[in-house]
Amino acid sequence: MKIAVTYENGEVFQHFGHTQQFKVYEVADGKVLSQQVVDTNGSGHGALATLLGSIGVDTLICGGIGGGAQVALTQAGIRLYAGITGSADEAVAALLAGTLPQNAQANCDHHHDGEHAHACGEHGCGEHSCH
């Protein structure tokens, strides 16, 4: 198993599409065998899913993430744990222990009323939010 965590200064970075680094953990038999920090080299949103897939990641832990990125991760076969805060190492330990929580508030909620379709960052309508 290969787990990636959006990463900044030891913590889970809170915006998937803007992360500049992932901490990648190689795991076998419930134990971390190795870990390394991987730069995204300026890749954003959907390209990050491709990057993760190319290095063999099958699980992602992150803070907030939009719907488009979630779709890209699903298409790449990467399992998602969103809405996670705190230490990256502790989040991986919690995942391995089976105690890592999911947070539905981590996702962007969008409304489509026939006239308006909003994306992350366009929050003028007051009817959705991105956490």
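In this report, the structure presented in the accompanying data block is examined. Computed from a prediction, not measured in an experiment: that's the story for all the values here.

Attention now moves to the packing of aromatic side chains. Counted by the stated rule, this structure contains 1 aromatic pair. Summarising the aromatic geometry, the rings of Phe16 and Phe22 are spaced 6.2 Å apart at their centres and angled 50 degrees between planes, so their arrangement reads as tilted. Of the two residues, Phe16 and Phe22, both sit in the buried class.

Looking now at the side chain of Thr59. Within the secondary structure, Thr59 is located in strand 5 (residues 59–61). Under the relative-accessibility criterion, Thr59 is labelled buried at 1%. Only 3.1 Å separates the side chain of Thr59 from the side chain of Asp58, close enough to count as a polar contact. Apart from residues no more than four positions distant in its own chain, Thr59 is found in contact with Met1, Lys2, Ile3, Ala4, Ile78, Arg79, Tyr81 and Leu95.

Next up on the list: the pattern of salt bridges. Summed over all chains, the structure comprises 2 salt bridges. As a salt-bridge pair, Lys23 and Asp89 come within 2.9 Å of each other at their nearest N and O atoms. Placement of Lys23 in strand 3 (residues 21–28) and of Asp89 in helix 3 (residues 88–97) is noted, with a sequence separation of 66 residues between them. Judged by its relative accessible area of 9%, Lys23 is buried. Of the residues examined, Asp89 reaches a relative accessible area of 39% and is grouped as partly exposed.

What follows covers the nonpolar core. Among the nonpolar cores identified, the biggest contains 18 residues, and Ala4, Phe16, Phe22, Leu52, Leu60, Ile65 and Leu73 are the most heavily contacted of them. Only strand 3, helix 1 (46–54) and helix 2 (67–75) provide two or more residues apiece to this core. It is helix 1 that contributes the most residues to this core, 4 residues altogether. Tyr25, Ala88, Leu95 and Leu100 belong to the second-largest nonpolar core, a separate cluster that totals 15 residues.

Time to look at unusual backbone geometry. Backbone geometry at Asn9 places phi at a positive 50 degrees, although glycine is not the residue there. When you line up the elements, Asn9 lands in the loop between strand 1 (2–8) and strand 2 (11–12). Since its relative accessible area comes to 72%, Asn9 is described here as exposed. Within the chain, Asp29 stands out as a residue other than glycine whose phi angle is a positive 50 degrees. Along the chain, Asp29 falls in the loop between strand 3 and strand 4 (31–39). Residue Asp29 is classed as exposed on the basis of its relative accessible area of 79%.

Criteria and cut-off values
- Positions within a chain are numbered from 1, following the residues in the order the chain's sequence is written.
- Per-residue local features of the predicted model are confined to residues with pLDDT of at least 70, and side-chain atom pairs are confined, for both listing and counting, to 80 or more; whole-chain, interface and lining totals are unaffected and use all residues.
- Excluding hydrogens and water, the side-chain figures rest on all heavy atoms present in the structure.
- For Phe, Tyr and Trp, rings pair up if their centres lie within 6.5 Å, where Trp contributes its six-membered ring, and each pair is then called stacked (planes under 30 degrees apart), edge-to-face (over 60) or tilted (otherwise).
- For the exposure calls, accessible area comes from a 1.4 Å probe over protein chains only, and a residue counts as buried if that area is under 20% of its type's maximum, exposed if over 50%, partly exposed in between.
- For the purposes of this entry, the term helix denotes a DSSP run of H or I that reaches at least four residues, the term strand denotes a run of E that reaches at least two, and both are numbered from the N terminus.
- Any pair of nitrogen or oxygen atoms within 3.5 Å is treated as a polar contact; in protein, a donor-acceptor pairing is required on top of that, and neighbouring residues in sequence qualify only through side-chain atoms on both sides.
- Any two residues whose heavy atoms approach within 4.5 Å are treated as being in contact.
- When a carboxyl oxygen of Asp or Glu lies within 4 Å of a side-chain nitrogen of Lys or Arg, that pair is called a salt bridge.
- For this analysis, a nonpolar core means a set of buried residues of the types Ala, Val, Leu, Ile, Met, Phe, Trp, Tyr and Cys, connected via side-chain atoms within 4.5 Å.

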